[in-house]
Amino acid sequence: MSDPLTYHTRFAPEDFDAQYNLRAGRPDYEVTVIPGWSDDSQTARDTSNCLLDIRYGDGEKQKLDVFRCGDASVPTLVYFHGGYWQRGDKSIYSFIAPPFVAVGFNVVVVGYDLCPGVTITRISEEAREAMAYIWRNADDLGIGRDQITVMGHSAGGHITQMMMATNWPTFGDGLPADLIKAGIPVSPLSYLEPVRLTEALNAGIRMDPKEATAESPMTQHPPVTDAPQLVVVGGAETDEFHRQAHMYADKYGSTERAIGLYVVPDVDHFDELNVLVDQTSPFFQRTCAMLQGKGPNT
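The following refers to the structure shown. (Residues numbered from 1 in each chain as written. Predicted model: local features only at pLDDT ≥ 70, side-chain atom pairs only at ≥ 80, totals over all residues. Heavy atoms only, no water.)

Scanning the model with the defined rule gives two cavities of 30 Å³ or more in all. Here the largest cavity defines a volume of roughly 140 Å³. Its residues placed into classes, the lining of the largest cavity shows eight nonpolar, six polar and two charged. Class assignment of the residues belonging to the lining of the second largest cavity gives a composition of seven nonpolar, two polar and one charged. (1 Å grid on protein atoms, 1.4 Å probe; cavity = no way out; pocket = protein on both sides within 12 Å on 5 of 7 lines; lining within 4 Å. Points joined across faces, edges and corners; volume = space filled by probe spheres on them. Nonpolar A, V, L, I, M, F, W, Y, C, P; charged D, E, K, R; others polar.)

The structure is reproduced here in structure tokens:
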């Protein structure tokens, strides 16, 4: 492939839409996908040992939900939802937690303010505020702070990469450089310029060229930690989502920084989350291995 940062320049407007406007390819999204996740998430909140709507910042959606297994010493999974930074709510994604809690992990699902009310730049900052809050208040939340893995899907995958690029001691007094022990960007948006050029999406994001560059892990935010990462993409996702995953792993993986790439067989951008919560799936098992510090190639 030619330079991954210029490959998209050959696209016509309809190509951007076909590659990135994924809801258009799932007409059942609003009638089956979201309602199904929402129902499962309500059940998760009703039946779990959880703390809900814990405020970590001043923004309307700067709240998090904590799902606890009863043992504060075990690893913690922090999850950031997707929605192209302009849609979604943490309440839709509570269903992520129970399978991991059931096998002995604690899970935090983070909410954040959305575009166009805030910028992507501000969303990244809110995510950092969430991580700092979780680390500083872990005892009160009933979870551990010394084995944190960050995971996010789609826009949340971008957020995950931005967290891996954060110099925590510089961000907040007393925060350790190794605050995050592992990262799992799922279908991440590693390079934002193609998203900016997708008119149907950027109408709500309102990202300009400067921000697209400034907030791209591929251009401005390499990992500042050698903590392992597992980059995930669905086998039936668009070529561009495969490229977004591959370019990050190819650029930043090294002997010192293990970055594995896992393709979830035969699923699109949305159904891969259903595979994630299937305890019999390799995706679930690989995520557990990352939480346990076993690395991306286990």
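This is not the end of the story, as more comes after the structure.
So, about the packing of helix 4 (residues 120-136) against helix 6 (residues 155-164). Interhelical geometry of helix 4 versus helix 6 gives an angle of 65 degrees and a closest axis separation of 10 Å. The interaxial crossing formed by helix 4 with helix 6 has right-handed handedness. Taken together, the residues of helix 6 that come into contact with helix 4 (itself represented by Ile120, Ile123, Ser124, Ala127, Arg128 and Met131) are His158, Ile159, Met162 and Met163. Along the lines of polarity and charge, the residues of the contact of helix 4 with helix 6 split into seven nonpolar, two polar and one charged. (Axes fitted to C-alpha atoms, helices over the stretch in contact; angles between N-to-C directions. Helix = DSSP H or I, 4+ residues; strand = E, 2+ residues; numbered from the N terminus. Left-handed = near helix turned anticlockwise from the far one by under 90°. Contact = heavy atoms within 4.5 Å.)

As for its placement among the helices and strands, proline 116 is situated in the loop between strand 4 (106-110) and helix 4. As for proline 116 and tryptophan 85, which are separated by 31 residues in sequence, their C-alpha atoms are 8.7 Å apart. Beyond its immediate stretch of four places on either side in the chain, proline 116 contacts Gly204 and Arg206.

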